[in-house]
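Tertiary structure, described
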Amino acid sequence: MGFQSLPFPKFPTFFIVLFSLLLSFNTSKSQNLLRRGSSLSVEDASDVLSSPDKTFTCGFYGLGQNAYWFSIWFTNSKERSVVWMANRDRPVNGHGSKVTLRRNGAMVLTDVDDSVIWMTNTTSTSAYRAELLDTGNLVLTNADGKILWQSFDYPTDTLLPNQLFTKSTQLISRLGKGNYASGYFMSYFDNDNVLRLMYDGPDISSVYWPNPDYDVWQNGRTSYNSSRIAFLDETGSFLSSDKWQFRAFDVGFGIKRRLTMDYDGNLRLYSLNNLTGSWMISWQAIMEQCKVHGICGRNGICVSTPEPKCSCPPGYEVTEPDNWNKGCKPKFNRSCSNSQQLKFIEVQKVDFYGFDLHYSKATSMESCKKLCLDDCQCEAFSYRLNGEGLCYTKSALFNGYRSPTFPGSIYLKFPVSVEASEPDSLNGSNPVCQESIIMMGSPSMYDTTGKRVRWIYMYWFALAIGAIEVIFLLLEWALNHPITAKVDVYSFGVVILEMVKGIRLSNWVIEDGEEQESKLTRYTRCRGSKITHEVGTETPCYPVAGAERGWGNGFGMWTGNGVPALLSSL
């Protein structure tokens, strides 16, 4: 029974599907909603969610060498200003990573190896879609629009207008410029219901705002309201339950704002200039930056020039020049031996906050010095010349700063053998760490060259099959042969044969000085004619006679009959 011939032209289904898939790669995927079962891919920059008014964008933000975060940022800011991140301490690979709203209701961020990096607590819920609101809030809602989860409940380092700040939330700075990992500075509600700023470093934790030298009332706060809630409105006015409040100097509607815990330890309110796309500081918590604790690390001294600079005291050197979080290290070895002779070196207008071993009033300089000499744990003492004779002996040197208004000096304890003298000046360097190059996770996980090459081969392979198939169909049409389903299958087999043998069927060869068809071309043309016209097998089609009939036997995928067996089976 013969095959029914089909009218030409008609492209094969395979080629149409392939062409559609290739076109889909360039389709823009910017959208307002992500529905259940859908995902956003890290490999497509247009695969994002946008707020209806286009103020905010949600998608993958890349930085450094192949590090990406699922984030929310201001769309029109000059430098992309990120306001929220999912698991900021674990960026994902730039290939194969995605965020998916699964059918079980959970929004899940997965890396290239399908490991779960972050997910919402909405598993087994009726979460129907994810949506980015005009406020910058990413929400998961059910079919009725009820919010089941929202990014506003999990801030990173930024508070946006209309976003509540509560006792269960914190603003944590990033680690440094170009490094979005969790840093050492935070804003939070303390157990006494007061909103505070704290340095929470690898060695110490220290509250530095409001002024730790004053009590709650002296700082204009109250500890009696246990609701612990704060709020920034659209005009730039901030109000906290501990009675702390402030207003932006450009207070009013129509300005995009953000309150950010910066990596230098200061809490700042920013206003966006719509014309330039740049940010302007409209309020900040601390006017003298050197009052921020931990900014220069252990033993380091912050100097206002007026910009903050970090310096080491005499007898100390920088631990890591590019990282002031590590502070300074002594050039000498401390010993509690009674035989070791000690001396003190004065550094004027300098103090180190906290870590007081002893505190006393109306004490003479000599008495204060003796207290430190007699205590092996004492590294220095602070003496204030304000008429009260205040003496503080120090067990550690943290939070150092130099201020022209400080009414005293720090006296550092050294072995007599150490060559150190009172410095004429403290010439510091910038405390901000150099921009980091981010590469996290297993190195092999981020080696995507091989994966990219394999995909390129796959794309070219698919294109080659489609193109050669069309060529065969056009050839048959030119020879006035009808196009049958059998020819379509046959042509696919020839394509595979070409790729394995590395021989083009359309090749012509020069034999005895004359241009002739190649042996393989003659064979395939003969077989194609037999298939098309339903000719029997009484006249075999071998590329050559005799001993050369089995030239295809070298390929394990074929039978002993060689190429004829393969094509005959097709």
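Structure: see above.
Since the model is a prediction, treat every value here as computed from it, not as a measurement.

Conventions adopted
- Residues numbered from 1 in each chain as written.
- Predicted model: local features only at pLDDT ≥ 70, side-chain atom pairs only at ≥ 80, totals over all residues.
- Heavy atoms only, no water.
- Disulfide = S-S within 2.5 Å.
- Helix = DSSP H or I, 4+ residues; strand = E, 2+ residues; numbered from the N terminus.
- Buried < 20%, exposed > 50% of the residue type's maximum accessible area, 1.4 Å probe, protein only.
- Pairing = 2+ DSSP bridges.
- Axes fitted to C-alpha atoms, helices over the stretch in contact; angles between N-to-C directions.
- Polar contact = N/O pair within 3.5 Å; in protein donor to acceptor, adjacent residues only side chain to side chain.

**Things to note about the state of the cysteines**
Enumeration over the complete set of coordinates arrives at six disulfides. Disulfide partner of C336: C376, at an S-S distance of 1.2 Å. Taking the sign of the torsion about the S-S bond as the criterion, the disulfide between C336 and C376, at about -50 degrees, is left-handed. Placement of the pair is C336 in the loop between β28 (328–330) and β29 (342–348) and C376 in the loop between α2 (365–373) and β32 (380–384), with a sequence separation of 40 residues. Judged by relative accessible area, which is 53%, C336 ranks as exposed. A relative accessible area of 40% places C376 in the partly exposed class. One disulfide bridge connects C368 with C391, the sulfur atoms lying 1.9 Å from each other.

**Description of the sheet that holds strand β7 (residues 98–101)**
Taken in spatial order, the four strands line up as β2-β7-β8-β9 in an open sheet, and their pairing is antiparallel. Across the chains shown, the open sheet's two edge strands, defined by having one partner strand only, are β2 (39–41) and β9 (116–119). Strand-to-strand twist across the sheet, computed as the mean angle between neighbouring axes with direction ignored, equals 15 degrees. Two strands pair when backbone bridges link them, and strand β8 (residues 107–110) and β9 are joined in this way by three bridges, in the antiparallel orientation. Each bridged residue has a counterpart across the sheet, and for V108 the counterpart in β9 is M119.

**A few points about the environment of N93**
Relative to the elements of secondary structure, N93 occurs in the loop between β6 (82–85) and β7. Side-chain polar atoms of N93 contact the backbone nitrogen of H95, separated by 2.8 Å.

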